[in-house]
Amino acid sequence: MAAFLDSLRGHRDRSEADRILHDLLHARWMRHTGRALDAHHIFDTIRIDAVQHPFLAYLQHYQHAKTLKGMEVFDLARQKAQQAGRAAEGLNMVDEALEMALLESEIDLHDDEYEHALQGFEELLERSAALHHTEGICRALTGMGNAYYYQEQDSIALRYYQRTLDTAKAHADPALMIGAIHNIGAALTYTEGPEAAIALYRTVLDTAGPGMGGSLRADLLTNLASMYSDIGDHGRANSVIDQALAIYAGKRDTASMAGADLFKATALWELGHRNEALQQVMLARTRTSETDLKARAARKAADYLRAMGRHEEAYDMLAEHAQLNDSLARRRYSDGVSRAQVRFETAEKERRIAEQQQALELSAEEHRSKAIQRNFLIGSTALLVIIAIVLLRSMRNRQRLAAKEKELHHQQVDQLLSQQEIKSINAMLDGQEKERDRVAKDLHDRIGSMLGGIKANMSALEDRVEEMQHDQQYQKVSRLLDQTAGELRRISHDMAASTLSRFGLEKALKDLRDTIHINGRLHVELSTFGLDDRLERSIELAIYRMVQELVANVLKHAKARELSIAVTRSPGRLSLVVADDGTGFDTSTPTEGIGLANVRSRAAALGATVQVDSTMGKGTTVSVECPVVE
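Residues numbered from 1 in each chain as written. Predicted model: local features only at pLDDT ≥ 70, side-chain atom pairs only at ≥ 80, totals over all residues. Heavy atoms only, no water.

Counting secondary structure elements, the protein contains 23 helices and five strands. Expressed as a percentage of the 630 residues in the protein, the buried residues total 38%. Long-range pairs, those at least 24 residues apart, make up 60% of the contacts in the protein between residues at least 6 apart in sequence. Summed over all atoms, the accessible surface of the protein reaches about 36100 Å², with 53% contributed by carbon and sulfur. (Helix = DSSP H or I, 4+ residues; strand = E, 2+ residues; numbered from the N terminus. Buried < 20%, exposed > 50% of the residue type's maximum accessible area, 1.4 Å probe, protein only. Contact = heavy atoms within 4.5 Å. Areas by Shrake-Rupley, 256 points an atom, 1.4 Å probe, with all protein chains shown as cover.)

Let us now look at the packing of helix H3 (residues 36-45) against helix H4 (residues 54-70). Following both chains from N to C, one finds H3 and H4 inclined at 150°, their axes separated by 10 Å at the closest point. By the angle between their directions, the pair H3 and H4 is classed as roughly antiparallel. As for the relative orientation of H3 and H4, their crossing is left-handed in sense. Residues Ala36, Ala39, His40, Phe43 and Asp44 of H3 pack against Gln60, Gln63, His64, Thr67 and Leu68 of H4. Grouping the amino acids of the contact of H3 with H4 by side-chain chemistry returns four nonpolar, five polar and one charged. (Axes fitted to C-alpha atoms, helices over the stretch in contact; angles between N-to-C directions. Parallel < 35°, antiparallel > 145°, perpendicular 65-115°, else oblique. Left-handed = near helix turned anticlockwise from the far one by under 90°. Nonpolar A, V, L, I, M, F, W, Y, C, P; charged D, E, K, R; others polar.)

It is worth spelling out the side chain of glutamine 63 at this point. Of note, glutamine 63 is situated in helix H4. Reaching out from glutamine 63, the side chain makes a polar contact with the side chain of arginine 31 at a distance of 2.7 Å. With residues near it in sequence (within four places) discarded, glutamine 63 still touches Arg28, Arg31 and Phe43. (Polar contact = N/O pair within 3.5 Å; in protein donor to acceptor, adjacent residues only side chain to side chain.)

The next thing to look at is the sheet that holds strand E4 (residues 609-615). Pairing between the strands of a sheet comes from backbone hydrogen bonds, and it takes one of two forms, parallel or antiparallel. Across the sheet, which stays open at both edges, the five strands sit in the order E1-E2-E3-E5-E4 with mixed pairing between neighbours. Single-partner strands in this sheet number two, and they are strand E1 (523-529) and E4. Neighbouring strand axes in the sheet, compared pairwise and without regard to direction, differ in orientation by 10° on average. This element, helix H16 (residues 291-307), spans E1 and strand E2 (562-570) of the sheet and lies at about 60° to E1. (Pairing = 2+ DSSP bridges.)

One full turn of an α-helix is made of 3.6 residues, so residues set three or four places apart face in the same direction. In this model helix H2 (residues 16-32) runs 25 Å from its N-terminal to its C-terminal C-alpha over 17 residues, within 8% of the 24 Å that 1.5 Å per residue would give. Ile20, His22, Asp23, Leu24, Ala27, Met30 and Arg31 are the residues of H2 that are buried. As for H2, its buried residues are in contact with helix H1 (2-9), H3 and H4. Downstream of H2 by one or two residues, glycine 34 has phi in the positive range, about 90°. (Expected span 1.5 Å × (residues − 1).)

We now examine the packing of H1 against H2. One way to put it is that H1 packs onto H2 with a least axis distance of 11 Å and a crossing angle of 160°. Relative to H2, H1 is oriented roughly antiparallel. When the axes of H1 and H2 are compared, the crossing they make is left-handed. Across from Ala2, Phe4, Leu5, Leu8 and Arg9 in H1, the residues of H2 making contact are His22, Leu25, His26 and Trp29. In terms of residue class, the contact of H1 with H2 is made up of six nonpolar, two polar and one charged.

Our next topic: the pairing of strand E3 (residues 573-580). Within E3, six of the eight residues are buried, leaving the element largely enclosed by the surrounding structure. Bridging between E2 and E3 involves eight bridges; their strand directions are antiparallel. Within the sheet, the bridge partner assigned to leucine 563 lies in E3 and is aspartate 580. A loop of two residues connects E2 with E3, the two strands running antiparallel in sequence, and glycine 572 in this loop sits at a positive phi of about 80°. Pairing of E3 with strand E5 (residues 619-627) involves eight bridges; the strand directions are antiparallel. In the sheet register, valine 577 faces E5, and the bridge partner there is serine 623.

Turning our attention to the packing of aromatic side chains. Enumeration over the complete set of coordinates arrives at seven aromatic pairs. When the ring of phenylalanine 55 is compared with that of tyrosine 58, the centres are 5.8 Å apart and the planes differ by 40°; the resulting orientation is tilted. Of this pair, phenylalanine 55 and tyrosine 58 both sit in helix H4, separated by three residues, roughly a single helical turn. When its relative accessible area of 4% is taken as the criterion, tyrosine 58 is described as buried. Taking 6.0 Å as the distance between ring centres and 10° as the angle between the ring planes, the aromatic pair formed by tyrosine 58 and tyrosine 62 counts as stacked. (Phe/Tyr/Trp six-rings, centres within 6.5 Å; stacked < 30°, edge-to-face > 60°.)

The residue glutamine 60 is located in helix H4 in this model. The buried category is assigned to glutamine 60, whose relative accessible area is 8%. Engagement of the side chain of glutamine 60 in a polar contact is seen with the backbone oxygen of phenylalanine 43, the distance being 2.8 Å. Setting aside chain neighbours within four positions, we find glutamine 60 in contact with Leu24, Phe43, Ile46 and Ile48.

A word on the pairing of E2. Counting buried residues in E2 gives seven out of nine residues, a clear majority hidden from the surface. Sheet topology places E1 next to E2; seven bridges connect them, and they run parallel. Within E2, the position partnered with histidine 523 by the bridge is glutamate 562. Following the chain from E1 across helix H22 (residues 537-558) to the adjacent parallel E2, one finds a crossover that is left-handed. (Right-handed = clockwise from strand over helix to strand, strands pointing away.)

The subject of this paragraph is the pattern of salt bridges. Scanning the model with the defined rule gives 18 salt bridges in all. We note a salt bridge from aspartate 233 to arginine 236, for which the minimum N-O separation is 3.5 Å. Residue classification places aspartate 233 among the partly exposed residues on the basis of a relative accessible area of 25%. Among the ionic pairs, arginine 534 bridges to glutamate 540, the shortest N-O distance being 2.9 Å. Relative accessible area serves as the criterion here: at 39%, arginine 534 is assigned to the partly exposed category. Each of the salt bridges in this network shares a partner with another, and the network as a whole consists of Asp75, Arg78, Asp108 and Asp111. (Salt bridge = Lys/Arg side-chain N within 4 Å of Asp/Glu carboxyl O.)

Encoded structure:
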């Protein structure tokens with residue numbers, strides 16, 4: 001594309017239309033190569049006379065809307081989509097006008113405006129059906145299904161995806177059929193389980209004709225391998241992902257190959273082929289240039305190397321993973337800055353237009369006045385302005401001094417309150433842990449011993465009354481007694497953090513991971529490093545409680561499918577990172593829930609720092625850095 005644009009550069013000055021078309025192509029290329037902000041600036045500076053070049057005006061608004069949608073500047077993206085739709089209607093381009101209306105509803109969907117999006121898709125479904133527009137019908141049905149899917153109403157979403165598939169089949173459109181099948185498989189995983197999705201993918205792959213392209217087949221194979229992995233059939237997962245790898249290799253799709261390599265590495269590791277799994281991870285790491293894939297590969301390599309006892313190499317991979325994560329964080333920060341810059345520039349442009357309009361009106365009014373009145377008004381205005389400026393500066397200086405004094409006073413008060421609050425919270429947390437230990441001990445020692453005595457007496461009765469051993473009511477009572485004693489032990493151990501006390505932080509975290517991991521719904525990855533030697537009990541308990549609070553937040557609010565917990569100990573330092581791919585939240589909002597407040601309180605008691613990084617729709621990462629005295 002770059003070479004093509006260079007070849008057109010010599011022709012861009014032949015006419016105004018040639019120059020505009022070259023600039024539009026250049027901006028579109030920038031959008032596809034990740035330079036969305038630069039593309040926005042080009043689109044924003046192109047000046048098109050819509051009367052002379054109506055089709056170029058349509059192209060500008062359409063491409064600008066897609067760029068702004070990718071940047072998540074949804075309000076301005078809607079405006080551009082509406083302008084493109086009006087331009088298409090003016091040119092009597094019915095299909096393009098319909099596509100712009102669909103784009104506007106899809107923008108509403110990504111902006112979490114579900115009700116408005118559903119209303120728009122319903123109207124567009126009727127318009128598309130009246131025009132016999134197959135792609136419009138399928139996009140409207142898919143949009144409605146996505147609106148319910150994003151709200152976790154999977155059964156309703158599945159019905160719309162099935163209607164999409166039926167429509168695509170009726171019109172023999174392979175691309176639309178494959179898209180519908182992907183959506184149906186995702187919904188089936190949650191409604192009927194991975195086995196139902198496997199049956200669907202298997203049927204489609206076995207019955208698909210030559211109309212299915214290689215990339216579409218490879219994507220279906222990758223989804224099928226994922227389902228086999230979810231049910232623990234890693235042998236089939238490995239075989240299927242090899243088929244997808246062969247297709248990606250034929251198309252030289254290195255990014256997809258790297259993702260498939262990581263998936264294959266997991267299957268090989270679960271099958272016990274550790275060296276082959278490590279080689280596959282290293283292959284993915286060198287094959288791709290995408291930062292997020294390289295970061296995932298480095299993290300997986302570190303985990304495998306540590307498990308194989310190659311700790312020095314594992315540490316190097318962890319360092320590489322940290323560096324790549326920093327790069328991704330900078331990119332997310334840059335994207336956020338770009339969105340803020342676009343919003344600021346838009347507001348600034350609107351303000352300048354309003355000021356210019358106001359200036360024109362004032363100028364016209366002044367020209368209607370007589371010369372003497374104008375000169376008198378100008379002189380009086382100038383004098384008043386000077387006086388006002390002097391008074392305003394004096395008032396602002398006084399206000400600034402008063403505000404600084406007030407701010408300093410508030411800071412001192414807040415600091416004293418914060419110190420008192422930390423002391424109170426530490427005392428409260430210590431009291432809670434002591435009370436947990438006391439209640440657990442009472443349950444275990446008193447109630448547990450009493451249940452044990454009852455069980456022993458019942459066993460003695462069995463020897464005396466032989467018929468009772470075969471009595472169903474007696475056996476049911478005995479089983480309930482055993483279950484009650486077991487449940488009592490579990491509760492007392494949980495309250496007293498027995499696993500943590502006996503076996504340490506790493507074993508307690510593994511037990512927590514096993515408890516919250518849900519196949520096909522929530523994948524939980526735990527990574528620990530340097531926890532072979534025990535820490536102080538207070539530090540281990542505080543870290544474990546913080547992990548519990550953060551995991552509880554994810555389960556309650558994030559709607560995540562991937563959860564990562566990483567605890568790394570290095571000389572003088574302990575790091576905790578809990579990350580998810582859920583809905584995220586606006587970190588600029590000053591209010592926080594009780595969970596994060598508890599985490600910050602426990603961290604403050606250890607002298608640790610807490611950092612929260614969250615992006616709406618892209619997940620949340622909470623990092624805790626704690627000093628450790630060796």
